[in-house]
Amino acid sequence: VAAEALIEDVIFKQALIDADGDRSTAAAKAAALDGVGGEWRDDLANLPSACDVIRMIHSGQRSCVDTVRALLRRLGTARAAEVNACVEVADEQRLLKQAARVDAKVTRMLSEREILLAKGDLPASGAEVDVSKYGLRPLEGLPLVVKLNIDTAGMLTTAATAALANVGHRPRKSALVWQRLADAGAILIAKTNMPEFAASVTGYSPVHGHCYNPRTK
């Protein structure tokens, strides 16, 4: 494991040098990354899955508001570390209002279940609860980020190319791939960096700059 981590580190630092074209600048950036990778690595290893997040929110184990706030703090940490993963983050107050609406639905559902429990009218143990009758959609409250080449109404969508970035392209209509997620209740947190037109194997964007690996950053 230690050897694999060392090889990964060397490859990453070489990629910085190759991408920058300036060995001294890239070497300085690479040196700045040393010593903090472990914190990111440990944190990422313990992140819950999307299914876990939905389950926690819909069961009331964790509020959607708290989840969104935690992610916004996480994005702030990434921004401070200059990972450059997200180019635009949605408005915080709008996100928190969306999250609060999710929590209100969950609270109503849990309150009604308490009443049914008191009456002894709950379904058999282990039975599925139909959350849809409380307005909870399948992905209700799930925070997601989307690449810059996916149209999302009102948010920056540049595909990491100057032609769209120079006019600050913000589509009026969302692409079907995102619209279906939104219709299922997902919350758009941010738009993420990417290579131009997603046509490269590196994390470099000629418009938005390098996107660094948080495992090493």
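Scroll up to find the structure.
Predicted model, so just to flag it, every value in this text is computed and none were measured.

Some words on the sheet that holds strand β2 (residues 143-147)
Logical step 1: The three strands are arranged β1-β3-β2 in an open sheet whose pairing can be described as mixed. What marks the edges here is a single partner per strand, and that holds for β1 (86-89) and β2. Taking the axes of each pair of neighbouring strands and ignoring which way they run, one obtains an average angle of 35 degrees across the sheet.

Here's the deal with the pattern of salt bridges
Logical step 1: Per the counting criterion, the structure on display carries five salt bridges.
Logical step 2: Here E140 and K105 are joined by a salt bridge, their closest N and O atoms 3.4 Å apart. You can see E140 sitting in the loop between α6 (92-119) and β2 and its partner K105 sitting in helix α6, a full 35 residues away along the chain.
Logical step 3: Of the residues examined, E140 reaches a relative accessible area of 3% and is grouped as buried.
Logical step 4: Owing to a relative accessible area of 26%, K105 belongs among the partly exposed residues under this scheme.
Logical step 5: For R108, the salt bridge goes to E112, with nearest N and O atoms at 3.3 Å.

Let's talk about unusual backbone geometry
Logical step 1: Even without being glycine, A159 reaches a positive phi, approximately 55 degrees.
Logical step 2: With a relative accessible area of 8%, A159 lands in the buried category.
Logical step 3: Its identity as a non-glycine residue notwithstanding, A160 has a phi of 60 degrees, on the positive side.
Logical step 4: Positionally, A160 belongs in the loop between β2 and α7 (162-165).
Logical step 5: Residue classification places A160 among the buried residues on the basis of a relative accessible area of 0%.

Brief notes about the side chain of S205
Logical step 1: Within the element layout of this structure, S205 appears in strand β4 (residues 204-205).
Logical step 2: Within the structure, S205 has its side chain in polar contact with the backbone nitrogen of H208 (distance 2.9 Å).
Logical step 3: Ignoring sequence-local partners within four residues, the contact set of S205 consists of A160, N193, M194 and P195.

A few points about the packing of helix α4 (residues 50-59) against α6
Logical step 1: Two elements in contact, α4 and α6, have axes whose closest approach is 8 Å; the angle formed by their N-to-C orientations is 60 degrees. It follows that α4 is oblique to α6 by the angle criterion. On the side of α4, the interface is formed by I57, H58 and S59, while α6 contributes V102, V106, M109 and L110.
Logical step 2: Residue composition of the contact of α4 with α6, by class: five nonpolar, two polar and no charged.

Side note on α4
Logical step 1: Every buried residue of α4 is accounted for by V53, I54, M56, I57 and H58.
Logical step 2: Contact partners of the buried residues in α4: α5 (64-80), α6 and β2.
Logical step 3: Where α4 terminates, the next one or two residues include G60, which has phi positive at roughly 80 degrees.

Conventions used here
- Residues numbered from 1 in each chain as written.
- Predicted model: local features only at pLDDT ≥ 70, side-chain atom pairs only at ≥ 80, totals over all residues.
- Heavy atoms only, no water.
- Pairing = 2+ DSSP bridges.
- Helix = DSSP H or I, 4+ residues; strand = E, 2+ residues; numbered from the N terminus.
- Axes fitted to C-alpha atoms, helices over the stretch in contact; angles between N-to-C directions.
- Salt bridge = Lys/Arg side-chain N within 4 Å of Asp/Glu carboxyl O.
- Buried < 20%, exposed > 50% of the residue type's maximum accessible area, 1.4 Å probe, protein only.
- Polar contact = N/O pair within 3.5 Å; in protein donor to acceptor, adjacent residues only side chain to side chain.
- Contact = heavy atoms within 4.5 Å.
- Parallel < 35°, antiparallel > 145°, perpendicular 65-115°, else oblique.
- Nonpolar A, V, L, I, M, F, W, Y, C, P; charged D, E, K, R; others polar.

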